Amino acid sequence: SPLVINGLDEKRQFTTMFLNDIDADKREALDSRLSHIAQTDYIVTGKDANSRIKEIASEMNPNCHSLIFIDPYSTEFSWKSMETIININADIFFLYQTGQIARGVAVAKTPDSNIRNFFMDYRTALEVFERETEQNKSSALFDLYKSDVKTVRGPKTLMESIRIKGPRPFYYDMLFITRETRSKTPWF
């Protein structure tokens, strides 16, 4: 994604890319690639995303529009971090690990489990999980997450999701979150 953004024409140039990956090998590879071709200023860090997102939000110009891409391995990105992102003037791509999240709800035993911090209200997520049939659990939890995003972001929230299938049974949903503009967002 950063390589694609970096190659956009000058009219669509970003001022800064804030990149973060806790995996040192991936972070070094990204930095190495960008160091040779970067047309946009960038910062690569390796912190926990939940602590880094607060720093990034404070470094962003609140009067500018942003594009945010979040790709967690599973449920590491907390709801508090999502709320921070939702309240930024931005278009957001969020990769929701649909099948893994349902399995996480099923096995969450400890209070410090990531899944307990992933949803706006874990108890509601657990209720949804327990009342749904096995084949509907993943979709119902995803619908709950989307509903919570819309609740926090407001009534002008627009969302689309694309299911991305990998090797069976792996899949996830890419969620695009934006706001309706004064001109009714004709491009959407």
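Residues numbered from 1 in each chain as written. Predicted model: local features only at pLDDT ≥ 70, side-chain atom pairs only at ≥ 80, totals over all residues. Heavy atoms only, no water.

### Some words on the overall build of the protein
Of the regular secondary structure elements, the protein holds 8 helices and 6 strands. Shown N-terminal to C-terminal, the secondary structure of the protein runs as helices and strands in the order α-β-α-β-α-β-α-β-α-α-α-α-β-β. Taken along its principal axes, the extent of the C-alpha atoms in the protein is 50 × 45 × 30 Å. Counting the 188 residues in the protein, one finds 38% classified as buried. Restricting to contacts in the protein with at least 6 residues of sequence separation, those with at least 24 account for 60%. (Helix = DSSP H or I, 4+ residues; strand = E, 2+ residues; numbered from the N terminus. Buried < 20%, exposed > 50% of the residue type's maximum accessible area, 1.4 Å probe, protein only. Contact = heavy atoms within 4.5 Å.)

### A few points about the environment of Pro-72
Looking at the secondary structure, you find Pro-72 in the loop between strand 3 (66-70) and helix 4 (79-86). For Pro-72, a relative accessible area of 8% gives the class buried. Counting along the chain gives 23 residues from Pro-72 to Leu-95, while the straight-line C-alpha distance between them is 6.9 Å. For Pro-72, the contacting residues outside a window of four places in its chain are Phe-77, Phe-94, Leu-95 and Gln-97.

### What to know about the nonpolar core
The tendency in soluble globular proteins is for nonpolar side chains to be buried side by side. With 34 residues, the main nonpolar core has Met-82, Ile-85, Phe-94, Tyr-96, Phe-119, Leu-141 and Tyr-145 as its most contacted residues. Once residues within four sequence positions are removed from consideration, Leu-141 is found in contact with Tyr-96, Ala-102, Val-105, Phe-119, Ala-125, Val-128 and Phe-129. (Core = buried A, V, L, I, M, F, W, Y, C linked by side-chain atoms within 4.5 Å.)

### Section: the sheet that holds strand 6 (residues 171-179)
The sheet built from 4 strands is open, its strands ordered 3-4-6-5 with mixed pairing. The strands lining the two open edges of the sheet, one partner per strand, are strand 3 and strand 5 (157-165). Across the sheet, the axes of successive neighbouring strands diverge by a mean angle of 15 degrees, strand direction being ignored. Across 9 bridges, the pairing between strand 5 and strand 6 is antiparallel. Bridging across to strand 6, Arg-163 finds its partner in Asp-173. (Pairing = 2+ DSSP bridges. Axes fitted to C-alpha atoms, helices over the stretch in contact; angles between N-to-C directions.)

### Structural notes on helix 2 (residues 24-37)
Over its 14 residues, helix 2 runs 20 Å from end to end, which matches the ideal 20 Å to within 8%, given 1.5 Å per residue. The distance from a side-chain oxygen at the start of helix 2 to the backbone nitrogen of Asp-25 is 3.0 Å, and the residue carrying that oxygen is Asp-23. (Expected span 1.5 Å × (residues − 1). Polar contact = N/O pair within 3.5 Å; in protein donor to acceptor, adjacent residues only side chain to side chain.)

### Points about the pattern of salt bridges
Applying the stated criterion across every chain yields a total of 7 salt bridges. Glu-55 is the salt-bridge partner of Lys-47, the closest N and O atoms lying 3.0 Å from each other. The exposure class of Glu-55 is partly exposed, given its relative accessible area of 27%. Arg-163 serves as the salt-bridge partner of Asp-173, at 3.0 Å between the closest nitrogen and oxygen. Remark: Arg-163 occurs in strand 5 and Asp-173 occurs in strand 6; sequence separation between them is 10 residues. Taking relative accessible area as the criterion, Asp-173 reaches 3% and is therefore assigned buried. The partly exposed category is assigned to Arg-163, whose relative accessible area is 39%. Through salt bridges that share partners, Lys-47, Arg-52, Glu-55 and Glu-59 make up one connected network. (Salt bridge = Lys/Arg side-chain N within 4 Å of Asp/Glu carboxyl O.)

Functional significance is not addressed by these values, which are geometric in nature.
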